[in-house]
Amino acid sequence: MSVFRSQRRVFLEGEAETEKLGGELARLAKNSGQGLTVFLEGDLGMGKTTLSRGVIRGLGHKGSVKSPTYTLVEPYENLVPPAYHFDLYRLGDPEELEYMGIRDYFNGESLCLIEWPERGEGLLPRPDLEIYLEHQGEGRAATVRAGSELGASLLNELELIGLSD
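Note that the coordinates shown come from a computational prediction; the quantities given were computed from them, not determined experimentally.

Novice: Looking at this structure, I do not really get the overall build of the protein chain. What am I missing?
Specialist: A count of helical and extended segments in the protein chain gives 5 helices and 7 strands. From first element to last, N terminus to C terminus, the protein chain shows the α and β order β-α-β-α-β-β-α-α-β-β-β-α. For 165 residues, the compact-globule formula gives about 15 Å, and the C-alpha radius of gyration of the protein chain, at 15 Å, lands near that figure. Along the first, second and third principal axes, the C-alpha atoms of the protein chain reach 45 × 35 × 30 Å. In the protein chain, buried positions account for 51% of the 165 residues. In the protein chain, 65% of the contacts between residues at least 6 apart in sequence involve partners at least 24 apart. Here the protein chain holds 17 positive side-chain charges and 27 negative ones, and the gap between their average locations is 4 Å.

Shown next, in the form of structure tokens:
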């Protein structure tokens, strides 16, 4: 039995490992049978969209996965669970999220990946997981933090599959 810790740090050697982490998160989200809200944080070019691509492909999507920088959200409603990839980088004001019906996406059944969540502060729900990506040597480090009991449960599962340092 795993002991609960609220944070894991994972070294990702390259793009393939970043996508693999996303795929593992997709597997865990599917197995949980619940909706999941994930905040993706880090500077430009750190791999937030790459991680999202891993999650969305891990849910079964076969096409391309692009960053919804200009559209704010890219829906993948045919997946189980339905997934929504948000990129709030170009958001001018958090109130814009109200106009797009942001609350409807967080229905307890969807997997919501949110890049640049700080730009939607005050309107976004509390995340189940926060993933912070940063440079580390020749690769990236991902710090995964739990924000809910579901998030803590998923962190324990990540530990069991050997992805944590």
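Novice: Got a minute to help me understand the pattern of salt bridges in this structure?
Specialist: Pairing between side chains of opposite charge can happen when their charged atoms approach one another. What the rule picks out here adds up to 7 salt bridges. For R27, the salt bridge is made with E24, and the minimal N-O distance between the two is 3.0 Å. Here the residue R27 and the residue E24 both occupy positions in helix α1 (residues 15-32), the gap between them amounting to 3 residues, near one helical turn. Note on E24: relative accessible area 17%, which makes it buried. Of the charged contacts in the structure, one is a salt bridge between E74 and K66, with a shortest N-O distance of 4.0 Å. Relative accessible area serves as the criterion here: at 19%, E74 is assigned to the buried category. Look at the salt bridges and you will find they share partners, linking E15, E19, R53 and R57 into a network.

Novice: So what exactly am I meant to see when it comes to the packing of α1 against helix α2 (residues 48-58) here?
Specialist: Any two packed helices are characterised by the angle at which their axes cross and by the distance between the axes. The N-to-C vectors of α1 and α2 enclose an angle of 45°; their axes lie 7 Å apart at closest approach. The angle between the axes of α1 and α2 places the two elements in the oblique class. The interaxial crossing formed by α1 with α2 has right-handed handedness. Residues E15, T18, E19, L21, G22, G23, L25, A26 and K30 of α1 touch α2, and the partners they reach there are T50, L51, R53, G54, V55, R57 and G58. Looking at side-chain class alone, the contact of α1 with α2 contains 5 nonpolar, 6 polar and 5 charged residues.

Novice: What should I look at first to understand the pairing of strand β1 (residues 7-12) in this one?
Specialist: Each regular strand displays side chains that alternate between the two surfaces of the sheet. Alternating positions in β1 separate cleanly, R8, V10 and L12 being buried on one face and Q7, R9 and F11 remaining unburied on the opposite face. As paired strands, β1 and strand β7 (residues 139-146) are joined by 6 bridges and run antiparallel to one another. Within the sheet, the bridge partner assigned to F11 lies in β7 and is A141.

Novice: Is there a simple way to think about the packing of aromatic side chains in this case?
Specialist: In this description, a pair of aromatic rings is defined by centroid distance and the angle of the planes. Inspection of the entire model under this criterion finds 4 aromatic pairs. Summarising the aromatic geometry, the rings of F86 and F106 are spaced 6.0 Å apart at their centres and angled 15° between planes, so their arrangement reads as stacked. With a gap of 20 residues between them, F86 in strand β4 (residues 83-87) and F106 in the loop between α4 (102-105) and β5 (111-115) connect regions that are remote in the sequence. Here F86 matches F106 in class, with each residue buried. We note R119 situated over the ring of W116; from NZ or CZ to the ring centre the distance is 5.4 Å.

The rules behind these values
- Residues numbered from 1 in each chain as written.
- Predicted model: local features only at pLDDT ≥ 70, side-chain atom pairs only at ≥ 80, totals over all residues.
- Heavy atoms only, no water.
- Helix = DSSP H or I, 4+ residues; strand = E, 2+ residues; numbered from the N terminus.
- Rg over C-alpha atoms; globule rule 2.2 N^0.38 Å.
- Buried < 20%, exposed > 50% of the residue type's maximum accessible area, 1.4 Å probe, protein only.
- Contact = heavy atoms within 4.5 Å.
- Lys, Arg positive; Asp, Glu negative; His and termini not counted.
- Charge placed at Lys NZ, Arg CZ, Asp CG, Glu CD.
- Salt bridge = Lys/Arg side-chain N within 4 Å of Asp/Glu carboxyl O.
- Axes fitted to C-alpha atoms, helices over the stretch in contact; angles between N-to-C directions.
- Parallel < 35°, antiparallel > 145°, perpendicular 65-115°, else oblique.
- Left-handed = near helix turned anticlockwise from the far one by under 90°.
- Nonpolar A, V, L, I, M, F, W, Y, C, P; charged D, E, K, R; others polar.
- Pairing = 2+ DSSP bridges.
- Phe/Tyr/Trp six-rings, centres within 6.5 Å; stacked < 30°, edge-to-face > 60°.
- Lys NZ or Arg CZ within 6 Å of the ring centre and 35° of its normal.

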